[in-house]
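# Notes for the structure review
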Amino acid sequence: GFDPFDRNTAYVLFSAAGTPKILKTTDLGQTWTDISGFSSPTGQLNKSANFNSSNNGFPDVATYALLVMPYNTNIIWAGTEIGLFISEDGGATWNIADNGLPRVGIFQMFIQDRQVVAVGVVDQPDFHNAVVALDVASGPDPGTSALALLAALKELEHRLGRRRRARWGPREID
């Protein structure tokens, strides 16, 4: 994210558990400040009951999007996996939005025609996601091996009935 009026100010988002979620720079990246409340002013992580926690209301969840309001740069919106969080004091404190938006993941936000557009997904049941690591870099043509594997996986999904209905939306097969 960036500040719409100050080219020296930028934001970086993270999603690792127990660590800062939003870092802000006002000097083109020379120094960074955690505005999500997971670090103390000295840079140490805040510890509470043997895990890291925020001291300003920001949740310990994946953070996907950030929008600084052009009419007041102290108002910052953060899109997370559990909904929209708003700061009205430049990131000193955060609260979950109480504005009618559903509490679903928000992956992108932007302003269009003077309106904020938040893009997320519909709520869905919990699911299990498994990942398998394969080495396709061996053999006579590694690129062909990787493309052949991708084609075979897409064919398998098709045979099992997977239909892509919405980007970021629920999927029958993962």
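In the block above lies the structure referred to throughout.
## What about the packing of aromatic side chains?
With the rule as written, the count across this model stands at three aromatic pairs. When the centroid spacing of 5.8 Å and the interplanar angle of 45 degrees are considered together, the rings of Phe 58 and Phe 85 count as tilted. Taken together, the residues span a long stretch of sequence, with Phe 58 in the loop between strand S5 (51-52) and strand S6 (63-68) and Phe 85 in strand S8 (residues 83-87) at a distance of 27 residues. Take Phe 58 and Phe 85: they sit in the same class, and that class is buried. Both rings, one in Tyr 64 and one in Phe 107, keep their centres 4.5 Å apart while their planes meet at 35 degrees; by these two values the pair is tilted. With a gap of 43 residues between them, Tyr 64 in strand S6 and Phe 107 in strand S10 (residues 106-112) connect regions that are remote in the sequence. The residue whose ring lies beneath Lys 21 is Phe 38, and the NZ or CZ to ring-centre distance is 4.8 Å.

## Brief notes about the pattern of salt bridges
A side chain with one charge can pair with a side chain of the opposite charge if their charged atoms come near. With the rule as written, the count across this model stands at one salt bridge. For the salt bridge of Lys 21 with Asp 60, the shortest nitrogen-to-oxygen distance reads 2.8 Å. Taken as a pair, Lys 21 in the loop between strand S1 (10-13) and strand S2 (22-25) and Asp 60 in the loop between S5 and S6 lie far apart in primary sequence, 39 residues in all. For Lys 21, a relative accessible area of 0% gives the class buried.

Analysis parameters
Residues numbered from 1 in each chain as written. Predicted model: local features only at pLDDT ≥ 70, side-chain atom pairs only at ≥ 80, totals over all residues. Heavy atoms only, no water. Phe/Tyr/Trp six-rings, centres within 6.5 Å; stacked < 30°, edge-to-face > 60°. Helix = DSSP H or I, 4+ residues; strand = E, 2+ residues; numbered from the N terminus. Buried < 20%, exposed > 50% of the residue type's maximum accessible area, 1.4 Å probe, protein only. Lys NZ or Arg CZ within 6 Å of the ring centre and 35° of its normal. Salt bridge = Lys/Arg side-chain N within 4 Å of Asp/Glu carboxyl O.

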